[in-house]
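Observations on chain architecture
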Amino acid sequence: MSDDDDIDAALESRLTEQEYFRPSPDFVGQANCTDSDIYDRYEENYPEAFAEYAELLDWDERWDQVLDDSNPPFYGWFTGGKLNASANCIDRHLDERKNQTALLWEGEDGTQRNITYQDLYREVNQMAAALKDAGVEEDDVVTLHLPMVPALPITMLACARIGAPHSEVFAGFSAQALADRVDDADSDVVVTVDGYYRRGDFLNHKQKADEALDLADKDVDKLLVWERHDGELHEDVGLQDGRDLLVSELMADNERATVEPVSRDAEDPLFLMYTSGTTGKPKGCQHRTGGYLSYATATSKYVLDIEPEDTYWCAADIGWITGHSYIVYGPLALGTTSVMYEGAPDHPHKGRIWEIAEKYDVDVFHTSPTAVRMFMKWGEQYPQDYDFDFRHMTTVGEPIQPEAWLWYYKYIGDEDAVIVDTWWQTETGGHLITNLPALKDMKPGSAGYPCPGIEPAILDDNGEPLEEAAGRAGNLVIEKPWPGMLQTVYGDDERFIDEYWRDFSDTDSDDMADWVYKAGDGAVHERDGYFRILGRLDDVMNVAGHRLGTMELESAVSEVEDVAEAAVVSREHDEKGEVPDVYVILREGVEPSEEVRQRIVTAVEEEIGKFARPNAIAFVDDLPKTRSGKIMRRLLENISNDEDLGDTTTLRDPSVPERIRDQVQDD
Ligand code: WTA
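Residues numbered from 1 in each chain as written. Predicted model: local features only at pLDDT ≥ 70, side-chain atom pairs only at ≥ 80, totals over all residues. Heavy atoms only, no water.

1. Some words on the overall build of the protein
The line we're drawing: Starting at the N terminus, helices and strands are each numbered in turn, a helix being any DSSP run of H or I of at least four residues and a strand any DSSP run of E of at least two. Restricting the calculation to C-alpha atoms gives the radius of gyration, and the globule rule supplies 2.2 Å times the number of residues raised to the power 0.38. Each residue is placed in one exposure class: buried if its accessible area under a 1.4 Å probe, protein chains only, is under 20% of its type's maximum, exposed if it is over 50%, and partly exposed if it falls in between. Note on definitions: a residue-residue contact is assigned when non-hydrogen atoms from the two residues lie within 4.5 Å. For accessible areas, the Shrake-Rupley method is used with a probe of radius 1.4 Å. Any residue's cover is judged against the shown protein chains and nothing else.
Each helix and strand counted, the protein has 22 helices and 30 strands in total. Taken against the 2.2 N^0.38 rule, which gives 26 Å for 667 residues, the C-alpha radius of gyration of the protein at 24 Å falls within 12% of a compact globule. Across its three principal directions, the C-alpha atoms of the protein cover 75 × 60 × 60 Å. Out of the 667 residues belonging to the protein, those deemed buried represent 63%. Across the protein, contacts joining residues at least 24 apart in sequence account for 71% of those joining residues at least 6 apart. Approximately 25,600 Å² of the protein is accessible, and the part contributed by carbon and sulfur atoms is 40%.

Dropping the structure here:
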């Protein structure tokens, strides 16, 4: 989508008036936030009101200033303050809840681990000591390539403890993707695990790190290897002398070690999270310690409504931002019990999720629209076979269609649980638009109200604001900074400005009011004040809740020798939301064949990962281009989605799209 017409077309198909659903009196009676003045208070008392968020944490030194806006868009939050994230997630709970489970881990093979806050304290201290033994010092970025095993949160918290920012790369990413991120972060130490279970197979995961370290430009000093089965290395995994160290051995050397949490400046980075943007190279979103942790904690409390006594389950992967903020940092800072599941939702059967929910008596549940659509397809008999009772449910990551919302509400929530539809991004650190569940009624398909202190607006493509609550679609922007926002793109301040600010800001100004954050999403501010998110307006797609850049995919496809030119667009998909369609012009003399198709698929799997696999590959003679040679992806998107082509007169050859359509239909 690129202009107003496209936005309106997308909107019409999604805009049918929905009814409201009221939270139950029982829910409201127990909710963490029932203060209906909160919105006004945060607006009138901006930014000072955010001090309440920071007060949810323990600080070694209190901050001097809530917001330092002297150098926009490089804002400072809670400046002068000092704290440690691992101490906030672990040590401060030990007096009251050391025997309470912090992480409740379910392996795909049925193994279970209850890691109490005391256990977590021990293991994080040992791991922190192990990292130091491996040469990690404060401010070194440690790259992690870990799946959903306890090693992942333990390593993150151990890094936080010694003030070494972590950069976790989702386990599904390929060796090449890992290598790129190791290089960009300039990590001397990488952490992996020998293997993990996926659909019954015990995968050799360390192999990817081995390949990545060969591919990386950087000479990595140490590769730390966790073992999925205590003291038992995956039979196919070897260790390279001098480089590879077993975490179990390092931890055994440090059995009684305690490592003092380093007092970090509020503005010191806590972690990097790489994400796809509009260019080929993924960018490292850099998150600060004080503002991020305050924001993740406060939104966990007020939006997710977590109490320390709850068993809370976010069924996302910690390898993405959702898991960082809402499996690890927010829930643990609140001292709750956070569930982690290693495997696939349908292994060994399609009731697995509900079986776990019943087994652990989960109170608060969190998942994605893609998962809801999948559960819906499998059918309501699966949840109905199990006895679980959620008080609160979340969706995140994509727009949820009203039908899927209603199914979730009825069959999973028993028409009693509240649902929050949370809009946010890797960059935002935490929720920006979603209802505070006791204060606003739910409306299927609508993320709802902005969070307290958050000021979204809708601009037209020229940067002019659309009238508030006028029901028109445009570019979603955020007009004022918030504590959870990224600090910068790691090592590239210029890119930070280009990607998020330049379009709608006066970049010469040092007045915060002239700086506007571009989300990259289209949205409608509805007449009732709710925001409905339409999806990305830039070349980023959302495949089953995973963010993928069109350019990244195109550059992977172009790696294949047979390919002369390629364009990737998104096709709407019933279950996954969007999937990538690839249009390819082959080199002279190369004939379309199954082998070429397979080489393209393999290239994508190797450059990015299996989760990015193309949906369809079309071999075409030409691509729709403007006179200046720019590929008009919008037209290809229309073809993929069986939509009208609209105006093609600006093309160098206006007949190209029709020819492609005929060709694709013949395939
Ligand atoms: C999309 C995930 C509609 C949006 C936390 C955004 C959503 C991108 C919603 C960020 C929602 C996220 N409704 N769309 N509730 N939440 N999105 O960085 O397009 O992986 O820009 O962060 O997901 O994806 P990311």
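2. Remarks on the site of the ligand
Selection criterion: Near residues are defined by distance, with any heavy atom within 4 Å of the molecule or strand qualifying the residue. For this analysis, a polar contact is any N or O atom pair within 3.5 Å, provided that within protein one partner can donate a hydrogen and the other can accept it, and provided that sequence-adjacent residues contribute only side-chain to side-chain pairs. Under the grouping applied here, Gly and all other residues not named as nonpolar or charged are polar, the nonpolar ones being Ala, Val, Leu, Ile, Met, Phe, Trp, Tyr, Cys and Pro and the charged ones Asp, Glu, Lys and Arg.
By nearness alone, 17 residues border the ligand, and Asp 421, Thr 422, Thr 426, Asp 521 and Arg 547 come closest of all. At a separation of 2.7 Å, a nitrogen atom of the ligand approaches a polar side-chain atom of Asp 421. A distance of 2.7 Å is found between a nitrogen atom of the ligand and a backbone nitrogen or oxygen belonging to Thr 422. Against a free-state accessible area of 520 Å², the protein chains account for coverage of 96% of the ligand. In the shell around the ligand, the residues fall into six nonpolar, six polar and five charged.

3. Remarks on the side chain of Asp 562
With respect to the secondary-structure elements, Asp 562 resides in the loop between α19 (550-558) and β28 (563-573). Its relative accessible area of 12% is what places Asp 562 among the buried residues. Setting aside residues no more than four positions away along its own chain, Asp 562 makes contact with Ile 585, Leu 586, Arg 587, Val 590, Val 596 and Arg 599.

4. Considering the packing of α19 against helix α20 (residues 594-607)
Rule in force here: Between N-to-C directions, angles span 0 to 180 degrees; the directions come from axes that are lines fitted to C-alpha atoms, helices contributing only their stretch in contact. Orientation is classified from the angle alone, with under 35 degrees giving roughly parallel, over 145 giving roughly antiparallel, 65 to 115 giving roughly perpendicular, and any other angle giving oblique. Whether a crossing is left-handed or right-handed is set by the direction in which the near helix is turned from the far one by less than a right angle, anticlockwise for left-handed and clockwise for right-handed.
At their nearest, the axes of α19 and α20 sit 8 Å apart, and the two run at 125° to each other. Between α19 and α20, the interaxial angle falls into the category oblique. For the element pair α19 and α20, the recorded crossing hand is right-handed. Contacts between α19 and α20 involve Leu 553, Ala 556 and Val 557 from the former and Ile 600, Ala 603, Val 604 and Glu 607 from the latter. Grouping the constituent residues of the contact of α19 with α20 by class yields six nonpolar, no polar and one charged.

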